[in-house]
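Here is how the chains run, residue by residue.
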Amino acid sequence: MDFDLVPPTGVGPLRIGMTRHAADAALDSLRDLFAISESDRPGQHIFRPSGLMISIHCVRDMLEATELGRPSSQTDRVLFQGVDVFALPAREVVRRVGEFTSIEEDPDDDASFVAPGLLLSFWRPFAADDEPEEAQGYYFSSVLLARPGYYDTPAQAAERLQQRS
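First, a word on what this report is: a plain description of the structure on this page. This one's a predicted model, so the numbers in the text were calculated from it and none came from an experiment. (Residues numbered from 1 in each chain as written. Predicted model: local features only at pLDDT ≥ 70, side-chain atom pairs only at ≥ 80, totals over all residues. Heavy atoms only, no water.)

Relative to the assigned elements, Ser55 resides in strand β5 (residues 53-59). Residue classification places Ser55 among the buried positions, given a relative accessible area of 13%. Sequence-distant contacts of Ser55, that is, excluding residues within four places in its chain, are made with Gln44, His45, Ala65, Thr66 and Glu67. (Helix = DSSP H or I, 4+ residues; strand = E, 2+ residues; numbered from the N terminus. Buried < 20%, exposed > 50% of the residue type's maximum accessible area, 1.4 Å probe, protein only. Contact = heavy atoms within 4.5 Å.)

The structure is reproduced here in C-alpha coordinates:
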(Lines give C-alpha, C1' and ligand atoms only; values in the text may rest on other atoms or scores of the structure.)
Protein backbone atom coordinates (compact mmCIF):
# COMPACT_ATOMS: atom_id res chain seq x y z
CA MET A 1 0.00 0.00 0.00
CA ASP A 2 1.23 3.51 -0.76
CA PHE A 3 0.99 6.21 1.89
CA ASP A 4 1.20 9.67 0.32
CA LEU A 5 2.39 12.45 2.61
CA VAL A 6 0.28 15.54 1.89
CA PRO A 7 1.54 18.28 4.21
CA PRO A 8 0.02 19.96 6.10
CA THR A 9 -3.20 17.99 5.45
CA GLY A 10 -2.13 14.51 6.52
CA VAL A 11 -1.48 11.01 5.25
CA GLY A 12 -4.17 8.57 4.17
CA PRO A 13 -7.24 8.89 6.39
CA LEU A 14 -5.23 10.70 9.10
CA ARG A 15 -5.97 14.41 8.80
CA ILE A 16 -4.18 16.99 10.90
CA GLY A 17 -6.75 18.77 13.08
CA MET A 18 -9.21 15.88 13.26
CA THR A 19 -10.56 14.94 16.69
CA ARG A 20 -8.82 12.27 18.75
CA HIS A 21 -11.83 9.98 18.29
CA ALA A 22 -11.67 10.36 14.49
CA ALA A 23 -7.88 9.92 14.54
CA ASP A 24 -8.21 6.72 16.59
CA ALA A 25 -10.73 5.36 14.08
CA ALA A 26 -8.56 6.38 11.11
CA LEU A 27 -5.49 4.74 12.67
CA ASP A 28 -7.49 1.58 13.36
CA SER A 29 -8.64 1.51 9.72
CA LEU A 30 -5.00 1.17 8.64
CA ARG A 31 -4.50 -2.09 10.53
CA ASP A 32 -4.36 -5.35 8.63
CA LEU A 33 -7.06 -7.38 10.36
CA PHE A 34 -5.42 -10.61 9.17
CA ALA A 35 -2.03 -9.76 10.68
CA ILE A 36 -2.54 -7.63 13.79
CA SER A 37 0.73 -6.91 15.56
CA GLU A 38 1.12 -7.60 19.27
CA SER A 39 3.01 -4.28 19.38
CA ASP A 40 -0.07 -2.26 18.38
CA ARG A 41 -1.30 0.27 20.92
CA PRO A 42 -4.78 1.48 19.90
CA GLY A 43 -4.96 5.24 19.99
CA GLN A 44 -1.15 5.49 19.78
CA HIS A 45 0.43 3.39 17.04
CA ILE A 46 0.07 0.36 14.82
CA PHE A 47 2.49 -1.86 12.94
CA ARG A 48 1.51 -3.15 9.53
CA PRO A 49 2.74 -6.58 8.31
CA SER A 50 5.48 -4.77 6.32
CA GLY A 51 6.87 -3.43 9.60
CA LEU A 52 5.62 0.09 8.80
CA MET A 53 4.81 1.85 12.07
CA ILE A 54 2.14 4.55 12.04
CA SER A 55 1.66 6.65 15.14
CA ILE A 56 -0.54 9.58 16.05
CA HIS A 57 0.09 12.45 18.46
CA CYS A 58 -2.97 14.25 19.79
CA VAL A 59 -3.07 17.31 22.04
CA ARG A 60 -6.25 18.91 23.38
CA ASP A 61 -8.38 16.27 21.60
CA MET A 62 -6.85 17.15 18.19
CA LEU A 63 -4.45 15.29 15.90
CA GLU A 64 -1.29 17.40 15.76
CA ALA A 65 1.17 15.01 14.13
CA THR A 66 1.51 11.64 12.45
CA GLU A 67 4.78 9.72 12.38
CA LEU A 68 5.63 6.81 10.12
CA GLY A 69 8.52 4.43 10.76
CA ARG A 70 10.51 2.66 8.07
CA PRO A 71 9.00 -0.68 6.98
CA SER A 72 11.16 -3.78 6.69
CA SER A 73 9.62 -4.70 3.31
CA GLN A 74 8.48 -2.72 0.27
CA THR A 75 4.85 -3.88 0.45
CA ASP A 76 4.14 -0.49 2.08
CA ARG A 77 5.72 2.68 0.71
CA VAL A 78 5.71 6.20 2.13
CA LEU A 79 5.86 8.81 -0.62
CA PHE A 80 6.20 12.56 -0.86
CA GLN A 81 5.71 13.90 -4.40
CA GLY A 82 6.76 10.49 -5.76
CA VAL A 83 9.87 10.31 -3.54
CA ASP A 84 9.95 7.04 -1.57
CA VAL A 85 11.27 8.44 1.70
CA PHE A 86 12.35 5.07 3.13
CA ALA A 87 13.63 3.23 0.02
CA LEU A 88 16.07 5.92 -1.13
CA PRO A 89 19.29 6.88 0.68
CA ALA A 90 18.69 9.73 3.14
CA ARG A 91 20.89 12.19 1.21
CA GLU A 92 18.95 11.42 -2.00
CA VAL A 93 15.65 12.05 -0.17
CA VAL A 94 17.00 15.40 1.06
CA ARG A 95 18.15 16.34 -2.44
CA ARG A 96 14.83 15.40 -4.04
CA VAL A 97 12.62 16.98 -1.35
CA GLY A 98 14.82 20.07 -1.75
CA GLU A 99 13.53 20.35 -5.32
CA PHE A 100 10.08 21.14 -3.87
CA THR A 101 10.85 23.13 -0.74
CA SER A 102 13.54 24.28 1.63
CA ILE A 103 14.93 21.46 3.76
CA GLU A 104 17.43 22.07 6.54
CA GLU A 105 19.75 19.93 8.61
CA ASP A 106 18.66 19.97 12.24
CA PRO A 107 21.24 22.15 14.03
CA ASP A 108 21.19 19.77 17.01
CA ASP A 109 21.36 16.53 15.01
CA ASP A 110 23.19 16.22 11.68
CA ALA A 111 21.32 12.99 10.91
CA SER A 112 17.91 14.73 10.93
CA PHE A 113 16.34 17.17 8.50
CA VAL A 114 13.33 19.46 8.64
CA ALA A 115 11.31 20.94 5.79
CA PRO A 116 9.70 23.74 7.83
CA GLY A 117 7.54 25.04 4.99
CA LEU A 118 5.94 21.59 4.67
CA LEU A 119 5.97 20.66 8.34
CA LEU A 120 7.85 17.46 7.57
CA SER A 121 10.82 16.13 9.49
CA PHE A 122 13.03 13.18 8.63
CA TRP A 123 15.00 11.26 11.27
CA ARG A 124 17.62 8.54 11.49
CA PRO A 125 19.67 7.62 14.56
CA PHE A 126 23.00 8.58 12.96
CA ALA A 127 24.45 9.57 9.59
CA ALA A 128 26.19 6.86 7.55
CA ASP A 129 25.82 8.38 4.08
CA ASP A 130 28.69 6.41 2.55
CA GLU A 131 27.78 3.04 4.09
CA PRO A 132 24.71 1.43 2.47
CA GLU A 133 25.16 -1.72 4.56
CA GLU A 134 24.55 0.44 7.66
CA ALA A 135 20.80 0.76 6.95
CA GLN A 136 19.93 2.66 10.16
CA GLY A 137 22.24 5.51 9.19
CA TYR A 138 22.01 5.32 5.41
CA TYR A 139 18.20 5.52 5.19
CA PHE A 140 15.73 7.59 7.16
CA SER A 141 14.05 5.69 9.99
CA SER A 142 11.00 7.92 10.40
CA VAL A 143 9.14 10.84 8.94
CA LEU A 144 6.83 13.14 10.88
CA LEU A 145 4.05 15.25 9.35
CA ALA A 146 2.70 17.92 11.71
CA ARG A 147 0.29 20.83 12.12
CA PRO A 148 1.38 24.40 11.34
CA GLY A 149 3.43 25.75 14.25
CA TYR A 150 4.35 22.29 15.58
CA TYR A 151 8.07 23.14 15.60
CA ASP A 152 7.65 26.70 16.90
CA THR A 153 9.56 27.89 19.92
CA PRO A 154 7.45 29.82 22.47
CA ALA A 155 8.66 33.09 20.89
CA GLN A 156 7.69 31.89 17.39
CA ALA A 157 4.28 30.75 18.65
CA ALA A 158 3.67 34.18 20.18
CA GLU A 159 4.71 35.84 16.91
CA ARG A 160 2.38 33.54 14.93
CA LEU A 161 -0.53 34.46 17.22
CA GLN A 162 0.26 38.17 16.87
CA GLN A 163 0.30 37.88 13.06
CA ARG A 164 -3.19 36.32 13.11
CA SER A 165 -4.72 39.23 15.04
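Back to the text.
Taken residue by residue, helix α2 (residues 90-97) has Ala90, Val93, Val94 and Val97 as its buried positions. All buried residues of α2 lie within an arc of 100° about the axis, which places them on one face of the element. On its buried face, α2 is in contact with β7 (77-80), β8 (83-84), β10 (109-115), β11 (120-123) and α3 (135-138). (Arc of directions from axis to C-beta.)

Within helix α1 (residues 20-29) the residues assigned to the buried category are Ala23, Ala26 and Leu27. Taken down its axis, α1 places every buried residue within 100° of arc, on the same side. Taken together, the buried residues of α1 touch β3 (14-15), β4 (45-47), β5 and β6 (62-69).

All right, on to the packing of aromatic side chains then. Per the counting criterion, the structure on display carries four aromatic pairs. Each residue in the set Phe113, Phe122 and Phe140 is aromatic and connected to the rest through ring pairs, giving one cluster. The ring of Tyr139 is capped by Arg70, whose NZ or CZ atom sits 4.3 Å from the centre of that ring. Positioned above the aromatic ring of Phe140 is the side chain of Arg124, whose terminal nitrogen or guanidinium carbon lies 5.5 Å from the ring centre. (Phe/Tyr/Trp six-rings, centres within 6.5 Å; stacked < 30°, edge-to-face > 60°. Lys NZ or Arg CZ within 6 Å of the ring centre and 35° of its normal.)

With respect to the helices, strands and loops of the structure, Ile16 is situated in the loop between β3 and α1. Put simply, Ile16 and Phe126 are 110 residues apart on the chain and 29 Å apart in space, counted from C-alpha to C-alpha.

A full pass over the atoms with the stated rule returns 11 salt bridges. Across the pair Glu99 and Arg95 runs a salt bridge, and its minimum N-O distance is 2.8 Å. Overall, the relative accessible area of 52% leaves Glu99 in the exposed class. A relative accessible area of 45% places Arg95 in the partly exposed class. One continuous salt-bridge network, built from bridges that share partners, spans Arg91, Glu105, Arg124 and Asp129. (Salt bridge = Lys/Arg side-chain N within 4 Å of Asp/Glu carboxyl O.)

Attention shifts here to the nonpolar core. Generally speaking, a soluble globular protein has its nonpolar side chains buried in company with each other. The biggest cluster of nonpolar side chains holds 35 residues, and the ones touching the most others in it are Leu5 and Leu68. A total of four residues in this core trace back to one element, the largest contributor, which is α2. Apart from residues lying up to four places away in sequence, Leu68 is in contact with Phe3, Leu5, Val11, Leu52, Met53, Ile54, Val78, Phe86, Ser141, Ser142 and Val143. (Core = buried A, V, L, I, M, F, W, Y, C linked by side-chain atoms within 4.5 Å.)

A contiguous nonpolar patch, built from Leu33, Phe34 and Ile36 and spanning about 410 Å² of accessible area, is present on the exposed surface. Mapped onto the elements of the fold, Phe34 is located in the loop between α1 and β4. (Patch = residues over 30% accessible without salt bridge, like charges linked within 9 Å, V, L, I, M, F, W, Y side chains within 5 Å. Areas by Shrake-Rupley, 256 points an atom, 1.4 Å probe, with all protein chains shown as cover.)

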